[in-house]
Amino acid sequence: MLNFLQNKKTKPIVITMGEPSGIATEISIKAWLQRKKLKLPSFFLLDDFKKIKFINENFKLNAKLKKISSPPEALDYFNQYLPVLDMEIDLKFKLGKPNHKNSKFVLKSIDDSFTLFKNNEVSGIVTLPVCKKSLKKDGFNYCGQTEYLSGLVSRKLK
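Residues numbered from 1 in each chain as written. Predicted model: local features only at pLDDT ≥ 70, side-chain atom pairs only at ≥ 80, totals over all residues. Heavy atoms only, no water.

Regarding the overall build of the chain
Stage number 1. Each helix and strand counted, the chain has eight helices and five strands in total.
Stage number 2. Secondary structure elements of the chain, listed N to C terminal, follow the sequence α-β-α-α-β-α-β-α-β-α-β-α-α.
Stage number 3. Rg of the C-alpha trace for the chain: 15 Å, near the compact-globule value of 15 Å for 158 residues, within the 12% margin.
Stage number 4. Projected onto its principal axes, the C-alpha positions of the chain cover 45 × 40 × 25 Å.
Stage number 5. The buried share of the chain, reckoned over its 158 residues, is 45%.
Stage number 6. The contacts of the chain with a sequence gap of at least 6 include a subset with a gap of at least 24, amounting to 73%.
Stage number 7. Summed over all atoms, the accessible surface of the chain reaches about 9,100 Å², with 54% contributed by carbon and sulfur.
Stage number 8. One way to put it: in the chain the 29 positive side-chain charges average out to a point 5 Å from where the 15 negative ones average out. (Helix = DSSP H or I, 4+ residues; strand = E, 2+ residues; numbered from the N terminus. Rg over C-alpha atoms; globule rule 2.2 N^0.38 Å. Buried < 20%, exposed > 50% of the residue type's maximum accessible area, 1.4 Å probe, protein only. Contact = heavy atoms within 4.5 Å. Areas by Shrake-Rupley, 256 points an atom, 1.4 Å probe, with all protein chains shown as cover. Lys, Arg positive; Asp, Glu negative; His and termini not counted. Charge placed at Lys NZ, Arg CZ, Asp CG, Glu CD.)

Focus on the sheet that holds strand β1 (residues 13–15)
Stage number 1. The strand order β3-β4-β2-β1-β5 describes an open sheet built from five strands, whose pairing is parallel. The open sheet has two free edges, formed respectively by β3 (65–68) and β5 (124–126), since each of these has just one partner strand. Taking the axes of each pair of neighbouring strands and ignoring which way they run, one obtains an average angle of 35° across the sheet.
Stage number 2. As defined by bridge partners, strand β2 (residues 43–47) adjoins strand β4 (residues 82–86) across three bridges and the pair is classed as parallel. (Pairing = 2+ DSSP bridges. Axes fitted to C-alpha atoms, helices over the stretch in contact; angles between N-to-C directions.)

Here's the deal with a nonpolar patch on the surface
Stage number 1. Taken together, the side chains of F54, F59 and L95 present a nonpolar region at the surface, about 240 Å² in accessible area.
Stage number 2. For F59, the location among the structural elements is in the loop between α4 (49–58) and β3. (Patch = residues over 30% accessible without salt bridge, like charges linked within 9 Å, V, L, I, M, F, W, Y side chains within 5 Å. Salt bridge = Lys/Arg side-chain N within 4 Å of Asp/Glu carboxyl O.)

Quick word on the pairing of β3
Stage number 1. By the bridge criterion, four bridges tie β3 to β4 in an arrangement that is parallel. Pairing of K66 across the sheet is with P83, part of β4.
Stage number 2. Following the backbone out of β3, through helix α5 (residues 71–77) and into the adjacent parallel β4, one traces a crossover that is right-handed. (Right-handed = clockwise from strand over helix to strand, strands pointing away.)

Observations regarding the packing of aromatic side chains
Stage number 1. Counted according to the given criterion, the structure contains six aromatic pairs.
Stage number 2. Judged by centre distance (4.9 Å) and plane angle (65°), the ring pair of F43 and F78 falls under edge-to-face. Of the two residues, F43 sits in strand β2 while F78 sits in the loop between α5 and β4, which places them 35 residues apart along the sequence.
Stage number 3. On the basis of relative accessibility, which here comes to 3%, the residue F78 falls in the buried class.
Stage number 4. Between F54 and F93, the aromatic rings sit 5.7 Å apart at their centres with planes inclined by 75°, giving edge-to-face as the arrangement. Of this pair, F54 sits in helix α4 while F93 sits in the loop between β4 and α6 (103–118), and the two are 39 residues apart along the sequence.
Stage number 5. Among the residues examined, F93 registers a relative accessible area of 24% and is labelled partly exposed.
Stage number 6. Above the ring of W32, the side-chain terminus of R35 is found at 3.7 Å from the ring centroid.
Stage number 7. Above the ring of Y81, the side-chain terminus of K66 is found at 6.0 Å from the ring centroid. (Phe/Tyr/Trp six-rings, centres within 6.5 Å; stacked < 30°, edge-to-face > 60°. Lys NZ or Arg CZ within 6 Å of the ring centre and 35° of its normal.)

Let's talk about the confidence of the model for the chain
Stage number 1. Confidence in the prediction of the chain, expressed as mean pLDDT, is 92, and 92% of residues score 70 or more.
Stage number 2. In this model residues 1–7 is a low-confidence stretch, pLDDT under 50, and it forms three contacts with partners more than four residues away in sequence or in other chains. (pLDDT = per-residue confidence, 0-100.)

Here is the structure:
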């Protein structure tokens with residue numbers, strides 16, 4: 001347990017993309033805006049920077065965003081900026097209208113977050129809400145993200 005608590009102080013948490021057309025990005029930004037009041041540990045988003053910027057501006061959230069190139073940078077910027085590890089994808093989304101074509105990006109965010117965790121670059125993973133219907137339409141065969149992550153762990157242990 002002590003090792004986990006030490007990692008929590010020295011490594012940020014990664015937050016996955018969630019459903020691009022849903023509430024996920026807004027949740028992330030609002031959490032960051034409350035970081036001091038809630039005494040949140042450092043985190044960063046593994047997501048599409050352009051989408052986050054759009055949501056931030058569209059909802060007038062006024063968060064300061066910062067692209068980072070590696071997880072340790074999140075620790076340097078977290079107090080002043082919401083760090084984003086940009087997936088640099090060509091994401092097409094319309095708020096409130098999930099598109100199963102984005103499922104590959106949602107899963108890539110989870111896969112890449114898992115890789116960061118497996119490589120001991122982050123202290124943990126937070127998954128944001130997804131549209132399971134869209135994922136399943138694109139061939140997702142799990143009950144949810146937790147089961148998907150469990151499958152990733154099982155495959156990596158073999």
